Amino acid sequence: MEPINWHQAYTRAKEFIKTSLKNYSIFLLRLTPHQNIAQAVLVYTLLGWILLSLPFMNTTDVSFIDNLFTSASAVSTTGLSSVNFADSYTFLGKLVVLLLIQIGGVGYMTFTSFVFLSFSQRHRLRKSQQEALSAEVSLPNTLKLSDFLWAALVFTIIAESIGAVFLFNYFCHHNFGIFDAAWYSIFHSVSAFCTAGFALWNNSFEGFADSKTINLVISFLSLAGAMGFIIAADIFNFLRRKTQQISFTSKIIVVITLCMLAFGTFTLFVTSPGITLLEAFFQSATAMSTAGFNTVSIGQLSSCSLLILILLMSIGGSPSGTAGGIKTTAFASVLAIMYNRLRLNTRVEFLGRRIPLVRLYAATSTLMIYILSLFTSIFLLTWTENLPFLSLLFEAASALGTVGLSTGITMELSALGKLIIIATMLIGRIGVVTFGMALLGTDEDDNEEQEEKPAEREDVAV
């Protein structure tokens with residue numbers, strides 16, 4: 001047997017990688033921006049799957065489909081788990097999940113664009129990258145992509161750092177060692193801000209139900225990520241005096257989020273005997289933000305409470321944030337349509353401002369496609385699984401909204417049921433409209449706002 005020529009093997013491997021990357025770049029150029037987003041989600045999921053399948057990533061015998069489930073749940077920032085996450089993965093495995101959460105939370109194109117800007121000599125994005133980033137994030141016309149990109153990264157670092165400091169201080173004073181306190185604080189700060197719902201305890205935060213620090217820090221981190229980077233960019237521009245006022249989109253986000261949070265807290269407190277006001281607030285905040293943490297056992301809640309959580313999970317966070325769901329702006333647009341229709345108004349207004357027709361089309365389309373996607377997921381699950389209907393409905397709503405709350409049936413799903421939930425989670429993170437456009441291979445109409453008057457061009461992002 002001839003000895004291996006390591007130099008020749010290295011040269012061939014290098015050439016193969018170079019050719020593969022070149023062909024991959026050519027392939028990406030042929031994709032539409034929405035197809036680019038979808039393939040990025042799949043690529044990160046597959047990479048995470050490969051890494052988590054390595055023997056030293058698992059403490060127990062985790063099947064390939066369960067590793068795929070965990071990878072998809074992390075990339076989609078959902079938090080559902082088909083195994084006991086805290087007991088099934090080593091420190092390295094959990095670190096891989098944390099990196100997937102961070103990439104999925106900040107956004108695939110946002111993360112890729114930031115990396116490109118960091119290594120680019122001109123510090124400017126290519127046209128294809130700008131188009132892909134524009135497809136991933138929905139911005140009002142008054143906000144530039146460059147301002148949004150830097151504000152998003154700075155806001156992420158600041159929010160996660162502040163959250164980690166508060167959590168570190170708490171854990172240090174509650175019998176955690178320095179290393180454990182640092183690891184637990186960093187992991188949960190990132191998981192909360194990215195609304196991922198992964199926790200290093202199998203019962204999430206049920207053991208901290210009475211802790212005001214944990215409840216408030218996790219809630220505010222989740223809401224900060226869910227309310228989106230548009231608000232951060234608005235504040236960033238306002239402080240730099242680039243704008244004179246906060247945008248209409250930010251006002252809608254704040255109003256709807258606060259109203260739904262108050263509604264969820266009150267109704268959960270009333271309909272769930274034995275639940276405290278703090279627990280009701282925490283559960284509403286993590287459902288509305290699609291973070292998916294819990295301080296009470298979800299499986300023990302009443303059917304009425306589960307329906308309230310399904311509503312909050314379906315509405316979700318805000319555009320260009322870390323949360324899933326229909327989005328608060330789309331929900332506000334649909335409410336505005338109904339209200340103005342009942343009053344026989346010819347113009348659709350919200351908070352005294354007219355909503356452009358193209359944004360109303362986007363909102364109603366999002367709502368209908370979301371309902372259709374949820375129906376499809378529930379239909380398939382009821383076909384393949386012999387489990388209670390309400391539990392399957394809750395599981396599907398949680399997966400599509402990338403929430404991560406469960407009544408406890410995730411581990412009981414069949415292999416086919418797990419694949420259905422995986423697909424639902426990824427579609428929810430890509431976005432139902434973006435996923436549909438990726439399948440059809442179509443782009444948004446670049447001239448969609450040509451008919452709007454100049455005074456009405458500061459519209460709402462949907």
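Treat the numbers as computed from the prediction; the structure is a model and nothing was measured.

Reading guide: rules and limits
Residues numbered from 1 in each chain as written. Predicted model: local features only at pLDDT ≥ 70, side-chain atom pairs only at ≥ 80, totals over all residues. Heavy atoms only, no water. Helix = DSSP H or I, 4+ residues; strand = E, 2+ residues; numbered from the N terminus. Buried < 20%, exposed > 50% of the residue type's maximum accessible area, 1.4 Å probe, protein only. Contact = heavy atoms within 4.5 Å. Areas by Shrake-Rupley, 256 points an atom, 1.4 Å probe, with all protein chains shown as cover. Salt bridge = Lys/Arg side-chain N within 4 Å of Asp/Glu carboxyl O. Polar contact = N/O pair within 3.5 Å; in protein donor to acceptor, adjacent residues only side chain to side chain. Axes fitted to C-alpha atoms, helices over the stretch in contact; angles between N-to-C directions. Nonpolar A, V, L, I, M, F, W, Y, C, P; charged D, E, K, R; others polar. 1 Å grid on protein atoms, 1.4 Å probe; cavity = no way out; pocket = protein on both sides within 12 Å on 5 of 7 lines; lining within 4 Å. Points joined across faces, edges and corners; volume = space filled by probe spheres on them. Patch = residues over 30% accessible without salt bridge, like charges linked within 9 Å, V, L, I, M, F, W, Y side chains within 5 Å. Phe/Tyr/Trp six-rings, centres within 6.5 Å; stacked < 30°, edge-to-face > 60°. Lys NZ or Arg CZ within 6 Å of the ring centre and 35° of its normal. pLDDT = per-residue confidence, 0-100. Expected span 1.5 Å × (residues − 1). Parallel < 35°, antiparallel > 145°, perpendicular 65-115°, else oblique. Left-handed = near helix turned anticlockwise from the far one by under 90°.

A. Geometry of the overall build of the chain. The number of helices and strands found in the chain is 19 helices and two strands. Taking all 462 residues of the chain together, the buried fraction comes to 54%. Relative to all contacts within the chain whose residues are 6 or more apart in sequence, the contacts with residues 24 or more apart total 71%. For the chain, the accessible area works out to roughly 22300 Å², and carbon and sulfur atoms hold 65% of it.

B. Looking closely at unusual backbone geometry. Positive phi, normally seen in glycine, also occurs at Thr195, with a value near 50°. Mapped onto the elements, Thr195 comes out in the loop between helix H9 (178-193) and helix H10 (212-227). A positive phi angle, near 55°, is found at Leu351, a position not held by glycine. Counting through the fold element by element, Leu351 comes out in the loop between strand S1 (349-350) and strand S2 (353-354). Look at Leu351 and you get partly exposed, because its relative accessible area is 48%.

C. Examining the pattern of salt bridges more closely. Summed over all chains, the structure comprises two salt bridges. One salt bridge in this structure joins Lys418 and Asp66, with 2.9 Å as the shortest N-O distance. A residue pair is termed long-range when its members are at least 10 positions apart, and Lys418 in helix H18 (residues 415-430) and Asp66 in helix H3 (residues 64-75) qualify at 352 residues. Assigned by exposure class, Lys418 and Asp66 land together as buried.

D. Representation of the side chain of Ser406 in the model. Residue position: Ser406 is located in the loop between helix H17 (389-400) and H18. Within the structure, the side chain of Ser406 is placed 2.8 Å from the side chain of Glu395, a separation counted as a polar contact. A distance of 3.0 Å separates a polar atom in the side chain of Ser406 from the backbone nitrogen of Gly408.

E. Expanded view of the packing of H3 against helix H5 (residues 91-106). Closest axis-to-axis distance for the H3/H5 pair is 7 Å, and the angle between their directions is 40°. On H5, the residues that touch Thr70, Ser71, Ala74 and Val75 of H3 are Val97, Leu100, Ile101 and Gly104. Split by residue class, the contact of H3 with H5 holds five nonpolar, three polar and no charged.

F. Structural view of empty space enclosed by the protein. Enumeration according to the criterion identifies one cavity of 30 Å³ or more in this entry. If you add up the space inside the largest cavity, you get close to 40 Å³. What lines the largest cavity is Leu223, Ala226, Met227, Thr257, Met288, Ser289, Gly316, Gly317 and Thr328. Among the elements that line the lining of the largest cavity, the one with the most residues is H10, at three residues. The class makeup of the residues in the lining of the largest cavity is four nonpolar, five polar and no charged.

G. The environment of Thr328, seen in detail. Its place among the elements puts Thr328 in helix H15 (residues 328-342). In sequence terms Thr328 and Thr249 are 79 residues apart; their C-alpha atoms lie 9.9 Å from each other. When neighbours within four sequence positions are excluded, Thr328 is seen to be in contact with Ile253, Ile256, Thr257, Met288, Ile315, Gly316, Gly317, Ser318 and Pro319. A polar contact of 2.9 Å, which involves the side chain of Thr328, links it to the side chain of Ser318.

H. Layout of a nonpolar patch on the surface. On the surface, a cluster of nonpolar side chains totalling about 740 Å² of accessible area is made up of Leu51, Leu54, Phe56, Phe91, Leu92, Leu95, Leu99 and Phe179. Tallying contributions element by element places H5 first for the nonpolar patch, with four residues. When you line up the elements, Phe56 lands in the loop between helix H2 (33-52) and H3.

I. A look at the packing of aromatic side chains. Inspection of every chain in the model, using the stated rule, returns 21 aromatic pairs. Feature note: the residues Tyr170, Phe171, Phe176, Tyr184, Trp201, Phe205, Phe208 and Phe293 constitute an aromatic cluster, connected by ring pairs. The side chain of Arg353 reaches across the aromatic face of Phe248, ending 5.0 Å from its centre.

J. Region of the structure containing the side chain of Thr402. Mapped onto the elements, Thr402 comes out in the loop between H17 and H18. You can call Thr402 buried: its relative accessible area is 0%.

K. Broad picture of the environment of Ile355. Relative to the helices and strands, Ile355 resides in the loop between S2 and helix H16 (357-384). Each C-alpha atom, one on Ile355 and one on Ile337, is 9.4 Å from the other, the two residues being 18 residues apart in sequence.

L. Examining the confidence of the model for the chain more closely. Residue-level pLDDT values for the chain average 84, and 84% of them are 70 or greater. Here residues 445-457 is a poorly scored stretch, pLDDT under 50, and it has 14 contacts once near neighbours within four places are set aside; other chains count.

M. Representation of H3 in the model. Helix length check: H3, at twelve residues, gives a terminal C-alpha distance of 16 Å against a target of 16 Å (1.5 Å per residue), a fit within 8%. In terms of burial, H3 is a largely internal element, ten of the twelve residues being buried. Considered for burial, the residues of H3 that qualify are Asp66, Asn67, Leu68, Phe69, Thr70, Ser71, Ala72, Ser73, Ala74 and Val75. Just downstream of H3 lies Thr77, where phi reads positive at about 50°.

N. Representation of the packing of helix H14 (residues 303-315) against H17. Packing of H14 against H17 leaves a shortest axis separation of 9 Å and a crossing angle of 20°. On the basis of the axis angle, H14 is roughly parallel to H17. Crossing angle aside, the handedness with which H14 passes H17 is left-handed. Across the interface between the two elements, Ser303, Leu306, Leu307, Leu309, Ile310 and Met313 from H14 touch Leu390, Leu393, Phe394, Ala397 and Ser398 from H17. Split by residue class, the contact of H14 with H17 holds nine nonpolar, two polar and no charged.

O. Local environment of the environment of Val348. Here Val348 is to be found in the loop between H15 and S1. Owing to a relative accessible area of 15%, Val348 belongs among the buried residues under this scheme. In this view, Val348 contacts Ala336, Ile337, Asn340, Arg353, Arg354, Ile355 and Leu360; residues no more than four positions away in its chain are not counted.

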